[in-house]
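# An overview of the molecular structure
One-letter residues, chain by chain:
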Amino acid sequence: MNISQENILALRGLVECGPRNVVVLSHTNPDGDAIGSSLAWAEALRAKGHSVTCIVPNRFPYYLEWMTGVEEMVIFKDDKQQRAAKAVREAELIFCLDFHSLQRLDAPLSELIATNTTAKRVLIDHHLNPPQEFDVMFSHPEASSTSYLIYKVVEALWGAESVTARQAEVLYVGMMTDTGNFSFSTLTPDLYQSLAVLCATGINIPQIYNNVYNSFTEGRARLFGYTINRKMRTLRKGTVAHMSLTEEEMRRFWFQQGDSEGFVNYPLTIKKMRMSAIFIEHKEFIRVSLRSRGEVDVNLFASRYFNGGGHKNAAGGKSFVSMAETIAHFERAVDEFAKEGLL
Ligand code: 5GP
Ligand code: MN
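Let us look at the structure shown here. Quick caveat, the model's predicted, so the values are computed rather than measured. (Residues numbered from 1 in each chain as written. Chains lettered and ligands numbered in written order. Predicted model: local features only at pLDDT ≥ 70, side-chain atom pairs only at ≥ 80, totals over all residues. Heavy atoms only, no water.)

## Notes on the sheet that holds strand E1 (residues 21-25)
- Within the open sheet, the 6 strands sit side by side as E3-E2-E1-E4-E5-E6. Their pairing is parallel. Each of the sheet's edge strands pairs with one partner strand only, and the pair in question is strand E3 (74-75) and strand E6 (136-139).
- As defined by bridge partners, strand E4 (residues 93-97) adjoins strand E5 (residues 120-125) across 5 bridges and the pair is classed as parallel. Bridging across to E5, Ile94 finds its partner in Arg121.
- Where helix H5 (residues 146-158) meets the sheet, it contacts E4, E5 and E6, and its direction lies at approximately 115 degrees from that of E5. (Pairing = 2+ DSSP bridges. Helix = DSSP H or I, 4+ residues; strand = E, 2+ residues; numbered from the N terminus. Contact = heavy atoms within 4.5 Å. Axes fitted to C-alpha atoms, helices over the stretch in contact; angles between N-to-C directions.)

So this is what it looks like as structure tokens:
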């Protein structure tokens, strides 16, 4: 992956001129990549003397709570002391990591970032089609994770040897989770070279894997079984699958945020499956998650039918109608997509 030297030069100008107040921001429902990239970048900036506040719009899932430094992140939704608003007001630099548009932050945080600051805004991200609303943009849809991008930026600025074990651990989490534990089509030789550097810092890779993937609750295991067994429907001769979960069903299995993470991937373990979807009911909308194999472009599908986006093989959006209508809309969309030869 080629990081533009021009961008690195611009970034150097921003981060190598005395201590600054910095905000590092990531997306709603933060995942391993959002948290990993934020924590690693914050630490790299602190090592250069900057004062850094990491902000996420809402809580992260419980299986990421072990990550070093996560307790210092400000959770905007729970932030009674308004530390986030103060940090944004005082910020001279704002980094937006692992999301591509201010719209992806829910209001009122999105408005705060859009209006309440004169700070320079820097994007470091790997989602498709970013709007031009940043002063410096590291936009790399070809990158398998934002954590990998952060590694490349740190390497370009301060050398691979500057990466600490603490940074390596959280970057590894982001790289691992955004590639389905190194199984997606976004892998490159250069990623493995970065991983070799992280590994050489002495991080405990099996333990990181266990912390993330073998730390769920019993409720989650049972909910997973229920979802696959009772709620998975297949279409088009078993090549498309969808599942849905209502709030009532989730309550039945003592649902905690993050418990349904990864469910949408499971139908793709079926050999002929090309696309999978899950619809998860929230108070104000239904969250739609989409995954696909090969050339099936769920980024296009999400933007066309669910006002969303993401990556070619992993995307999402929202639906504001009932579950039954959402499913009917999905099934019609699948037919239309297939008629156009896109499935
Ligand atoms: P997930 O299914 O894991 O929530 O999301 C998969 C991918 O789709 C992520 O990269 C995420 O950023 C993107 N995505 C999910 N929901 C939305 C949405 O509502 N709008 C856009 N633009 N992207 C989304
Ligand atoms: Mn990511």
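## Re the site of ligand 1
- In the region of ligand 1, 14 residues are neighbours, and Arg104, His127, Ser289, Arg291 and Gly309 sit closest.
- Gly316 is positioned such that a nitrogen or oxygen atom in its backbone is 3.2 Å from an oxygen atom of ligand 1.
- Protein chains shield 82% of the accessible area of ligand 1, which is 490 Å² for the free molecule.
- Counting residues per element, the ones that place at least two in the shell around ligand 1 are strand E10 (286-292), strand E11 (309-310) and strand E12 (314-319).
- Considering every element that reaches the shell around ligand 1, the biggest residue donor is E12, with 4 residues. (Near = heavy atom within 4 Å. Polar contact = N/O pair within 3.5 Å; in protein donor to acceptor, adjacent residues only side chain to side chain. Areas by Shrake-Rupley, 256 points an atom, 1.4 Å probe, with all protein chains shown as cover.)

## Observations concerning the nonpolar core
- Counting 56 residues, the largest nonpolar core has Trp41, Phe95 and Leu198 as the members making the most contacts within it.
- For this core, the leading source of residues is H5, giving 8 residues.
- Within the second largest apolar cluster, 22 residues are counted, among which are Ile94, Leu109, Phe134 and Met137. (Core = buried A, V, L, I, M, F, W, Y, C linked by side-chain atoms within 4.5 Å. Buried < 20%, exposed > 50% of the residue type's maximum accessible area, 1.4 Å probe, protein only.)

## Some remarks on helix H11 (residues 298-305)
- Of all the residues in H11, the buried ones are Val298, Asn299, Phe301, Ala302 and Tyr305. In an axial view of H11, the angular spread of the buried residues amounts to 165 degrees, which keeps them on one side of the axis.
- The secondary structure elements touched by the buried residues of H11 are strand E9 (275-281), E10, E11, E12 and helix H12 (323-339).
- With a side-chain oxygen positioned 3.1 Å from the backbone nitrogen of Asn299, the residue opening H11 is Asp297.
- Just past H11, the residue Asn307 takes up positive phi, approximately 55 degrees. (Arc of directions from axis to C-beta.)

## Some details on the coordination of the manganese ion (ligand 2)
- Summarising the metal site, the manganese ion (ligand 2) is bound by the protein donors Asp33 (OD), Asp98 (OD), His126 (NE2) and Asp178 (OD), whose distances to it range over 2.2 to 2.3 Å.
- Site description for the manganese ion (ligand 2): donor spacing in sequence, D-x64-D-x27-H-x51-D. You can see Asp98 sitting in the loop between E4 and helix H4 (109-115) and its partner Asp178 sitting in helix H6 (residues 165-178), a full 80 residues away along the chain. As far as burial versus exposure is concerned, Asp98 and Asp178 are alike and both buried. (Donors = N, O, S within 2.8 Å, 3.2 Å for Na, K, Ca; no water.)

## Some thoughts on the packing of helix H2 (residues 32-47) against H5
- Direction vectors running N to C along H2 and H5 enclose 15 degrees, while the axes themselves pass 8 Å from each other. Viewed along their axes, H2 and H5 adopt a mutual orientation that is roughly parallel. The crossing of H2 and H5 is left-handed. On H5, the residues that touch Asp33, Gly36, Ser37, Ala40, Trp41, Ala44 and Leu45 of H2 are Thr146, Ser147, Ile150, Val153, Val154, Leu157 and Trp158. (Parallel < 35°, antiparallel > 145°, perpendicular 65-115°, else oblique. Left-handed = near helix turned anticlockwise from the far one by under 90°.)

## Regarding the packing of H11 against H12
- Following both chains from N to C, one finds H11 and H12 inclined at 125 degrees, their axes separated by 11 Å at the closest point. Judged by the angle between their axes, H11 and H12 are oblique. Where H11 crosses over H12, the handedness of that crossing is right-handed. Of the residues in H12, those in contact with Leu300, Phe301, Arg304 and Tyr305 of H11 are His329, Phe330, Ala333, Val334, Glu336 and Phe337.
- Residues of the contact of H11 with H12, tallied by class, amount to 7 nonpolar, 1 polar and 2 charged. (Nonpolar A, V, L, I, M, F, W, Y, C, P; charged D, E, K, R; others polar.)

## Topic: the pattern of salt bridges
- As enumerated under the stated definition, the model contains 16 salt bridges in all.
- A salt bridge links Lys152 to Glu155; the nearest nitrogen and oxygen atoms lie 3.2 Å apart. Within this pair, Lys152 and its partner Glu155 are both found in helix H5, separated by 3 residues, close to a single helical turn.
- You can call Lys152 buried: its relative accessible area is 11%.
- The closest approach of N and O atoms between Arg222 and Glu218, which form a salt bridge, is 2.9 Å. You can see Arg222 and its partner Glu218 sitting in helix H9 (residues 218-231), 4 residues apart, about one turn around the helix.
- For Arg222, a relative accessible area of 48% translates into the label partly exposed. (Salt bridge = Lys/Arg side-chain N within 4 Å of Asp/Glu carboxyl O.)

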